[in-house]
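Here is what each chain is made of, one letter per residue.
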Amino acid sequence: MTESILNEGMDKETIKSEILKKLKRGFGKTLADATKDEIYKSVALTVRDLVVDRWADANRQEFEQRKKRLYYLSAEFLMGRALVNNMINLHLLDDYKDALEELGLSLDDIEIQESDAGLGNGGLGRLAACFLDSLSTLDLPVTGCSIRYEHGLFRQKIENGEQKEEDDSWLENGNIWEIPRPEDKVEVHYGGYIEEVWTDEGLKVNHADYTSIIAVPYDYPVIGYESRMPATLRLWSARAKTELDINYFNRGDYAKAVEESALIEAVSQILYPEDNHEQGRILRMKQFYFFSSASMQMLVNRHKQHYQDIYTLPDHYTVQINDTHPTYAIPEMLRILMDEENLKWDEAFDIVSRMFNYTNHTIMSEALERWNENMFRTLLPRIYTIVQTIDKRFRDLIWAKWPGDVNKLNELAIIGNGEIRMANLCIAVCGKVNGVSQLHGEIIKQSTFRDFYILYPDKFLGITNGITHRRWLAKANQPLTKLITAHIGDGFLRDYEEMNKVRSLLSNEEFLKDFAAVKRENKIRLRDHLYEKQGIEIDPDSIFDVQAKRLHEYKRQLLKIMHILHLYYALKRNPAADITPSTFLFAAKASPGYYRAREIIRLILAVSGLINNDPETREKLKVVFIENYGVSEAEILIPATDVSEQLSTAGLEASGTGNMKFMLNGAVTIGTLDGANVEIYNEVGKDNIFIFGATVDEIERIKKYGNYNSKQIYNQNPEIKLILDTFISRSLPVSGDRQFNDLFSALVDGGPGKNDAYFLLHDFESYDEAFSRMMKAYGDQDRWTRMAATNTAHSGIFFADRTIREYNDKVWGLEALNSESFPSGAEGE
């Protein structure tokens, strides 16, 4: 495949002409009087035209070739900005840069007009976005399904030393990439009651007195690298059946006239509404059923339109449940097949069990989604009766396997203790259940879902997550991309195994020198960005030590800030101490209702205030909290990072993908043997990573015997005592008089087996030892550069293209489009 075939006629002059036409015809403006937003949209529309042309042709060819399509259901798709990423994947980045420069425009200035799509929060959504890119790159048909959230999670502001949340109205200026599809709207039902009625066709189930929500789809084409098969991201927006009650309006009660509409449309208003109260939990349930139901209705409608025979659904579609949020799609598909297509239970269940697969993302039992049974029954009465039937039949299977074992029955059942257990439902029905790293795959078989594994040994497997290197290298780190391309060509952008060629450069002194120069260039870019955005000054000659991830106790940001205090006190005792000048960068959002996570952010900011304002330490230590971390911030932070902090308690991080992004960009990892860190260790070798802390087996032994006593460590280790006493000693600069008693108590109080749930104090000395080894290595810059380059050279195995090939070989069985069916250049004409 060549660039001329992909984008025939799209040279620099054509690009300039098309941009000016879009400005004039779309906005009635010339370049001289257009706003920045209008210029961005005009440029984006020229790119979108190329993507949509190819997309429309590919969708037609898919039906003609009768290819199987994947429906990838996820509550999140954290896409990031699309403009430059699409230019890269279309092989037009340099052409656009040159064209814009001749028009007196800067692509960097244009790109920042695009909002990050508020469709995700963390690794779950970013993984889903990477998968769409890779599926498209491999020309595999896919539709991603989610909600068109009108507001993202929140915009994070730091005020008075703590996190504040502001509205993330990412759609305020529209979304140039989406295409409304009102002709494909469907109706989703809630509430009401179920009645059985006899008809000429037998006993039928009737859902009566329900409330309706109209699901209106918006399609967002996602193009992979040199792809002929752009992916479709279908996002559902909630609308009231009647947006205005004219009777109330005519009486002058205008608020009442739109009240019902506003309540209904709340379903697609915001990502992850707070669920620490009943109304929030109800809204979340509505959200997850809303997009699951709409997506399954669409799938069946599409199938009937093109293939007619409902019994052939598994031949043409496979459905991946990404975490448990879309589990509702399973009983919803059963409802459609039985209530609307008149299939018998056994027929419907056979079809569903051959279509659905489930990806588990958590080892922590408290994070496995469960719903209150009464709320479920009230809100989704028909879905509840279907889940009841699945549960009854599954209980029969459990009882046959373990006769007389009531405890086993209650533990594995889908409905139990007044709850609906969504992971259990997925395992009972889905054909395959996968973990997201090799370690995670083993843990779910041997621990989390051990008895399910005994029941279904062939269902379980581990498939290690991956990242799209087009965004996280070609877009985020263009200097490194150019350096690698100059030495091995650009084949690695299409074929992940080509990245292995970088290994031959690890003894090339010229390459290593240029590699170090690229890292410094990226550190200067981050320095300038932080100064412009937050007014913070950082030193690019210091080591950039970064912990950037969702704020959760098990990810142990608290361990890192404890260690920074340890370094601070070492410098206070001895200002001449041999401590490498270091900038510690944190980036994280805490869920608004997660008090302890918010307190950890407050502590980080307080320690930052202490250290950065102390004349005895600020030349060697600096602590920075990056505000409102998201994809675009990550694209600047990650390429500049020297040290990647991956500190999760062993056995609790299913995989992680941030660790892979940092590795790809030449950061050296300090971390536990947890999640994909294990595989990074295996790839780069023990000399190119710094491992610390208790292993999974050691943690399990500690828990088994229940004799871990962090209070004893606190009392016997003067340094740890000094650090933790800082939390409550009023020595930290905070707003008001509120100290950090809760964090102190969580680490020390409660007695053996009940305190320090994530083993921070247990792993502290091991971390300190690994950190010292790491600083010594950094002191030898030639050695460090080779270590960093080794990480980049071994990162290819963690590219999402490899992950998708593995899913396809082991789970989905998709086929790429036959490229011969595309006339040369046709999709761009």
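Residues numbered from 1 in each chain as written. Predicted model: local features only at pLDDT ≥ 70, side-chain atom pairs only at ≥ 80, totals over all residues. Heavy atoms only, no water.

### A look at the overall build of the protein
Next up, step 1: Scanning the protein from N- to C-terminus turns up 34 helices and 23 strands.
Next up, step 2: For a compact globule of 829 residues, the expected C-alpha radius of gyration is about 28 Å, and the protein comes in at 27 Å, within 12% of that figure.
Next up, step 3: Here the protein holds 829 residues, and the buried ones make up 60% of them.
Next up, step 4: Long-range contacts, defined here as pairs at least 24 residues apart, represent 76% of the contacts in the protein between residues at least 6 apart.
Next up, step 5: Approximately 32100 Å² of the protein is accessible, and the part contributed by carbon and sulfur atoms is 46%. (Helix = DSSP H or I, 4+ residues; strand = E, 2+ residues; numbered from the N terminus. Rg over C-alpha atoms; globule rule 2.2 N^0.38 Å. Buried < 20%, exposed > 50% of the residue type's maximum accessible area, 1.4 Å probe, protein only. Contact = heavy atoms within 4.5 Å. Areas by Shrake-Rupley, 256 points an atom, 1.4 Å probe, with all protein chains shown as cover.)

### Notes on the sheet that holds strand E14 (residues 415-416)
Next up, step 1: The sheet built from 3 strands is open, its strands ordered E13-E15-E14 with antiparallel pairing. Edge strands, defined here as strands with exactly one partner in the open sheet, are strand E13 (370-372) and E14.
Next up, step 2: As judged from the 2 bridges shared by E14 and strand E15 (residues 419-421), these two strands associate in the antiparallel manner. Of the residues in E15, the one forming a bridge with Gly416 is Glu419.
Next up, step 3: Seen against the sheet, helix H17 (residues 422-429) touches E13 and E15 and runs at an angle of roughly 45 degrees to E15. (Pairing = 2+ DSSP bridges. Axes fitted to C-alpha atoms, helices over the stretch in contact; angles between N-to-C directions.)

### Concerning the packing of helix H32 (residues 760-779) against helix H33 (residues 781-793)
Next up, step 1: The interhelical angle for the contact between H32 and H33, taken along N-to-C directions, is 110 degrees, at an axis separation of 5 Å. Considering the angle they form, H32 stands roughly perpendicular to H33. Counted together, Met774, Ala777, Tyr778 and Gly779 of H32 and Gln781, Arg783, Trp784 and Met787 of H33 form the full contact between these two elements. (Parallel < 35°, antiparallel > 145°, perpendicular 65-115°, else oblique.)

### Overview of the confidence of the model for the protein
Interpretation of this model should avoid reading the predicted coordinates in detail wherever pLDDT is low.
Next up, step 1: When pLDDT is averaged along the protein, the result is 94, and 95% of the positions lie at 70 or above.
Next up, step 2: Confidence drops under a pLDDT of 50 for residues 1-5, and excluding neighbours within four residues, the segment shows 8 contacts in the predicted structure.
Next up, step 3: Predicted confidence is poor over residues 822-829, with pLDDT under 50, and the contacts of this stretch with residues over four places away or in other chains come to 19 contacts. (pLDDT = per-residue confidence, 0-100.)

### What to know about the pairing of strand E20 (residues 621-626)
Look at any regular strand and the pattern is simple: side chains alternate between the two faces of the sheet.
Next up, step 1: With 5 of its 6 residues buried, E20 lies for the most part within the structure.
Next up, step 2: Direction of pairing for strand E19 (residues 582-587) relative to E20: parallel, over a ladder of 6 bridges. Of the residues in E20, the one forming a bridge with Thr583 is Lys622.

### Description of the pattern of salt bridges
Next up, step 1: Counting across every chain of the model gives 66 salt bridges.
Next up, step 2: Between Glu38 and Lys29 there is a salt bridge; the shortest N-O distance is 2.8 Å.
Next up, step 3: Residue Glu38 is classed as buried on the basis of its relative accessible area of 14%.
Next up, step 4: A salt bridge links Arg786 to Glu509; its shortest N-O distance comes to 3.2 Å. Linking Arg786 in helix H33 with Glu509 in helix H22 (residues 509-534), this pair joins segments that are 277 residues apart in sequence.
Next up, step 5: Taking the relative accessible area as the measure of exposure, Arg786 reaches 30% and is therefore partly exposed.
Next up, step 6: Note on Glu509: relative accessible area 51%, which makes it exposed.
Next up, step 7: If you follow the salt bridges from partner to partner, you end up with Lys12, Glu13, Lys16 and Glu102 in one network. (Salt bridge = Lys/Arg side-chain N within 4 Å of Asp/Glu carboxyl O.)

### Focus: the environment of Gly609
Next up, step 1: When you line up the elements, Gly609 lands in helix H24 (residues 595-612).
Next up, step 2: For Gly609, a relative accessible area of 21% corresponds to the partly exposed category.
Next up, step 3: The sequence separation of Gly609 and Leu732 amounts to 123 residues, and the corresponding C-alpha distance is 7.8 Å.

### Examining the packing of aromatic side chains
Next up, step 1: For the structure shown, the criterion picks out 26 aromatic pairs.
Next up, step 2: Between Phe511 and Phe515, the ring centres sit 5.9 Å apart and the planes meet at 50 degrees, which makes this aromatic pair tilted. Taken as a pair, Phe511 and Phe515 lie in helix H22 at a separation of 4 residues, close to a single helical turn.
Next up, step 3: Classification of Phe515 by relative accessible area gives buried; the value is 4%.
Next up, step 4: Their ring planes at 45 degrees and their centres at 5.1 Å tell us that Tyr708 and Phe759 sit as a pair that is tilted. Taken together, the residues span a long stretch of sequence, with Tyr708 in the loop between helix H28 (696-705) and helix H29 (710-716) and Phe759 in the loop between helix H31 (741-748) and H32 at a distance of 51 residues.
Next up, step 5: We classify Phe759 as buried; its relative accessible area is 6%.
Next up, step 6: Through successive ring pairs, a cluster of aromatic residues spans Phe394, Phe449, Phe452, Tyr453, Tyr456 and Phe460.
Next up, step 7: Above the ring of Tyr456, the side-chain terminus of Lys459 is found at 3.9 Å from the ring centroid.
Next up, step 8: One cation-aromatic arrangement involves Lys589 over Phe154; the distance from NZ or CZ to the ring centre is 5.1 Å. (Phe/Tyr/Trp six-rings, centres within 6.5 Å; stacked < 30°, edge-to-face > 60°. Lys NZ or Arg CZ within 6 Å of the ring centre and 35° of its normal.)

### A look at empty space enclosed by the protein
Next up, step 1: On inspection of all chains with the given rule, the structure shows 2 cavities of 30 Å³ or more.
Next up, step 2: Estimated volume of the largest cavity: approximately 130 Å³.
Next up, step 3: Around the largest cavity, the lining is made up of 15 residues, and of these Met79, Asn85, Asn86, Val222 and Arg471 lie nearest the centre.
Next up, step 4: Counting residues per element, the ones that place at least two in the lining of the largest cavity are helix H4 (83-89), helix H7 (123-137) and strand E9 (211-222).
Next up, step 5: Broken down by class, the residue content of the lining of the largest cavity amounts to 7 nonpolar, 4 polar and 4 charged.
Next up, step 6: If you add up the space inside the second largest cavity, you get close to 60 Å³.
Next up, step 7: Around the second largest cavity, the lining residues are Lys549, Lys555, Gln646, Leu647, Ser648, Glu653, Ser655, Gly656, Asn659 and Asn677.
Next up, step 8: Across the lining of the second largest cavity, the residue classes tally to 1 nonpolar, 6 polar and 3 charged. (1 Å grid on protein atoms, 1.4 Å probe; cavity = no way out; pocket = protein on both sides within 12 Å on 5 of 7 lines; lining within 4 Å. Points joined across faces, edges and corners; volume = space filled by probe spheres on them. Nonpolar A, V, L, I, M, F, W, Y, C, P; charged D, E, K, R; others polar.)

### Description of the state of the cysteines
Next up, step 1: For the coordinates displayed, the defined rule picks out 0 disulfides.
Next up, step 2: Of all cysteine sulfurs in the structure, the one in Cys145 sits closest to Cys130, which takes part in no disulfide; the separation is 18 Å.
Next up, step 3: Among the cysteines around Cys430, which has no disulfide bond, Cys426 carries the closest sulfur, lying 4.8 Å off.
Next up, step 4: A relative accessible area of 0% places Cys430 in the buried class. (Disulfide = S-S within 2.5 Å.)

### Considerations on the sheet that holds E20
Next up, step 1: Here we have 6 strands laid out as an open sheet, ordered E20-E19-E18-E21-E22-E23, and parallel in their pairing. Each edge of the open sheet is held by one strand with a lone partner, namely E20 and strand E23 (690-691).
Next up, step 2: Across 6 bridges, the pairing between strand E18 (residues 543-548) and E19 is parallel. Bridge pairing in E19 places Asp545 opposite Phe584.

### A few points about the nonpolar core
Next up, step 1: Core analysis: the largest hydrophobic core is formed by 280 residues, its most contacted members being Phe290, Phe356, Phe376 and Phe727.
Next up, step 2: If near-sequence neighbours (up to four positions away) are discounted, Phe356 is found in contact with Met296, Val319, Ile321, Ala329, Ile330, Met333, Cys430, Gly431 and Lys432. (Core = buried A, V, L, I, M, F, W, Y, C linked by side-chain atoms within 4.5 Å.)

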